[in-house]
Amino acid sequence: MTIFRKNSHLLLALAVVLVMPLTMQSGSLASEVLIYGLAAMGCNLLLGHTGLLSFGQGIFFGLGSYTIALTLTRWPLPMPLALALAVVMGALGAAIVGWVAIRQRGTYFVMLTLAFAQMFYFLAYSMPGITGGDNGLMDIPRPSLAVGGFTLWPLASPWQYYGFVATVFLVAFWLLQKVSASVFGRTLLAVRDNEERAGAIGYNLKLLKLQAFVISGAVTGLAGALHAMMTGIAPLASAEYHTSEMILVMTVIGGTGNLLASLLGSAFYLLVGDWLSTLWPRWLLILGVVLMVVSLGMQRGLWGLGESAWNLLRGKGRGGKGRGGKADASATQGGHA
């Protein structure tokens, strides 16, 4: 029981990964949920654990997309090595952005990340020889995992690729859980909750923020690479402001400060968006209303709403076991707390 509680979030993530193929018809959409869940987890490490609101996540996502495209088409490398290089490029881009941005706080920090995002977009647009410009990089292959000419894991079909993405997602989720539960992760929470006090104790705030940036960039770069392999194209849209905004919205809707909530946010955004787009072309208006509701009444996102509902039901269950009205009253008070 203790082991289950300790690894409950990892087991829930595994359950989601196993259930999606049974409930969804599109392997590509299922893969997209996990890919953007990765990107949202990287954003959550900054926003939920460190208190840094960054609009530069599209930079790292785009770097991962372009890196995997170039290494699989123009400079052919084995696919695992190409993915590793995409992670390194995402981390390197985050180190550059973070080194400059963390020198400011609040509104000026946000403005710096937004300025970097716009600068990267126009650089990608004006370098068609490397990025393909407005057309992006196309015909990205999806090579199978092979050793010595023997195929270990074919990735040709959408569901075969989903299995690969799911494995990468679970490994990344487990590693990020280790990071968030470590002394480093707890220190990031201290910086988020009271930066002045954390600095007074003696923590190197700039170094901690930069390390969080690098880890976030590495995870987001991995997500960008997986997305480019899934679609077969590294478009200019991967590096634009809308990508950063979308990743940030997924993080907020799911709930900040909880890595599993990032997966919930990406699933809600993509699945509900896919459903609404078949009903009404202007479905983003509805999504805007949902985001306003979350901002005004559900600051902990969908994960916080689920936790509150679970605690309320558990309190009612305990209250009904034998303490009568007093137990019921205390359960009700616990649900409203």
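Keep in mind it's a predicted model, so treat the numbers as computed, not measured.

The rules behind these values
- Residues numbered from 1 in each chain as written.
- Predicted model: local features only at pLDDT ≥ 70, side-chain atom pairs only at ≥ 80, totals over all residues.
- Heavy atoms only, no water.
- Helix = DSSP H or I, 4+ residues; strand = E, 2+ residues; numbered from the N terminus.
- Rg over C-alpha atoms; globule rule 2.2 N^0.38 Å.
- Buried < 20%, exposed > 50% of the residue type's maximum accessible area, 1.4 Å probe, protein only.
- Contact = heavy atoms within 4.5 Å.
- Areas by Shrake-Rupley, 256 points an atom, 1.4 Å probe, with all protein chains shown as cover.
- Lys, Arg positive; Asp, Glu negative; His and termini not counted.
- Charge placed at Lys NZ, Arg CZ, Asp CG, Glu CD.
- Polar contact = N/O pair within 3.5 Å; in protein donor to acceptor, adjacent residues only side chain to side chain.
- Phe/Tyr/Trp six-rings, centres within 6.5 Å; stacked < 30°, edge-to-face > 60°.
- Axes fitted to C-alpha atoms, helices over the stretch in contact; angles between N-to-C directions.
- Parallel < 35°, antiparallel > 145°, perpendicular 65-115°, else oblique.
- Nonpolar A, V, L, I, M, F, W, Y, C, P; charged D, E, K, R; others polar.
- Expected span 1.5 Å × (residues − 1).
- Salt bridge = Lys/Arg side-chain N within 4 Å of Asp/Glu carboxyl O.
- Core = buried A, V, L, I, M, F, W, Y, C linked by side-chain atoms within 4.5 Å.

**A look at the overall build of the protein**
Then comes step 1: Within the protein one finds 16 helices and four strands.
Then comes step 2: For a compact globule of 337 residues, the expected C-alpha radius of gyration is about 20 Å, and the protein comes in at 21 Å, within 12% of that figure.
Then comes step 3: Counting every position in the protein, which comprises 337 residues, the buried fraction comes to 46%.
Then comes step 4: A separation of at least 24 residues holds for 75% of the contacts in the protein among residues at least 6 apart in sequence.
Then comes step 5: For the protein, the exposed area adds up to about 17,000 Å²; of that, 66% sits on carbon and sulfur atoms.
Then comes step 6: Across the protein, the mean location of the 20 positive side-chain charges is 15 Å away from that of the 11 negative side-chain charges.

**Overview of the side chain of Thr220**
Then comes step 1: Residue position: Thr220 is located in helix 11 (residues 205–231).
Then comes step 2: Within the structure, Thr220 has its side chain in polar contact with the backbone oxygen of Ser216 (distance 2.8 Å).
Then comes step 3: Beyond its immediate sequence surroundings of up to four residues, Thr220 is in contact with Ala39, Gly42, Gln57, Phe60, Phe61 and Ile247.

**A word on the packing of aromatic side chains**
Then comes step 1: By the definition in use, this model includes nine aromatic pairs.
Then comes step 2: An angle of 25° between the planes, with centres 5.9 Å apart, marks the rings of Phe55 and Tyr241 as stacked. With Phe55 in the loop between helix 3 (27–50) and helix 4 (57–73) and Tyr241 in helix 12 (residues 241–254), the pair connects residues that are 186 residues apart, well separated along the chain.
Then comes step 3: Overall, Phe55 belongs to the buried group, its relative accessible area being 15%.

**What about the packing of helix 4 against helix 6 (residues 107–125)?**
Then comes step 1: Helix 6 packs onto helix 4 with a crossing angle of 25° between their chain directions and a minimal axis gap of 10 Å. With respect to helix 6, the element helix 4 is oriented roughly parallel. When helix 4 is examined against helix 6, the residues Ile59, Gly62, Leu63 and Tyr66 are found in contact with a partner set consisting of Phe116, Ala117, Phe120 and Ala124.
Then comes step 2: Residues that form the contact of helix 4 with helix 6 fall into these classes: seven nonpolar, one polar and no charged.

**Observations regarding helix 4**
Side chains of residues three or four places apart in an α-helix project in the same direction, reflecting 3.6 residues per turn.
Then comes step 1: When the terminal C-alpha atoms of helix 4 are compared, their 25 Å separation across 17 residues agrees well with the 24 Å that a helix rising 1.5 Å per residue should span.
Then comes step 2: Within helix 4, 16 of the 17 residues are buried, which leaves the element mostly enclosed by the surrounding structure.

**Some points on the pattern of salt bridges**
Should their charged atoms come close, side chains of opposite charge can pair.
Then comes step 1: As enumerated under the stated definition, the model contains four salt bridges in all.
Then comes step 2: When salt bridges that share partners are traced, they join Arg105, Glu195, Glu196 and Lys209 into one network.

**Digging into unusual backbone geometry**
Then comes step 1: One non-glycine residue with positive phi stands out, namely Asp139, at about 60°.
Then comes step 2: Examined against the element boundaries, Asp139 turns out to sit in the loop between strand 1 (137–138) and strand 2 (145–147).
Then comes step 3: You can call Asp139 exposed: its relative accessible area is 69%.

**Concerning the nonpolar core**
Then comes step 1: Grouped together as the largest cluster of nonpolar side chains are 95 residues, with contacts concentrated most on Leu34, Leu38, Leu83, Phe164, Phe169, Phe213 and Leu226.
Then comes step 2: Top contributing element to this core by residue count: helix 3, with 14 residues.
Then comes step 3: Setting aside its immediate chain neighbours within four residues, Leu38 contacts Phe169, Ala172, Val219, Leu222, Ala223 and Leu226.

**Topic: the environment of Phe61**
Then comes step 1: The topology assignment puts Phe61 in helix 4.
Then comes step 2: Judged by relative accessible area, Phe61 falls into the buried class, the value being 1%.
Then comes step 3: It is 25 Å that separates the C-alpha atoms of Phe61 and Leu276, two residues lying 215 residues apart in sequence.
Then comes step 4: When neighbours within four sequence positions are excluded, Phe61 is seen to be in contact with Tyr36, Ala39, Thr220, Ala223, Gly224, His227, Ser238, Thr243 and Ile247.

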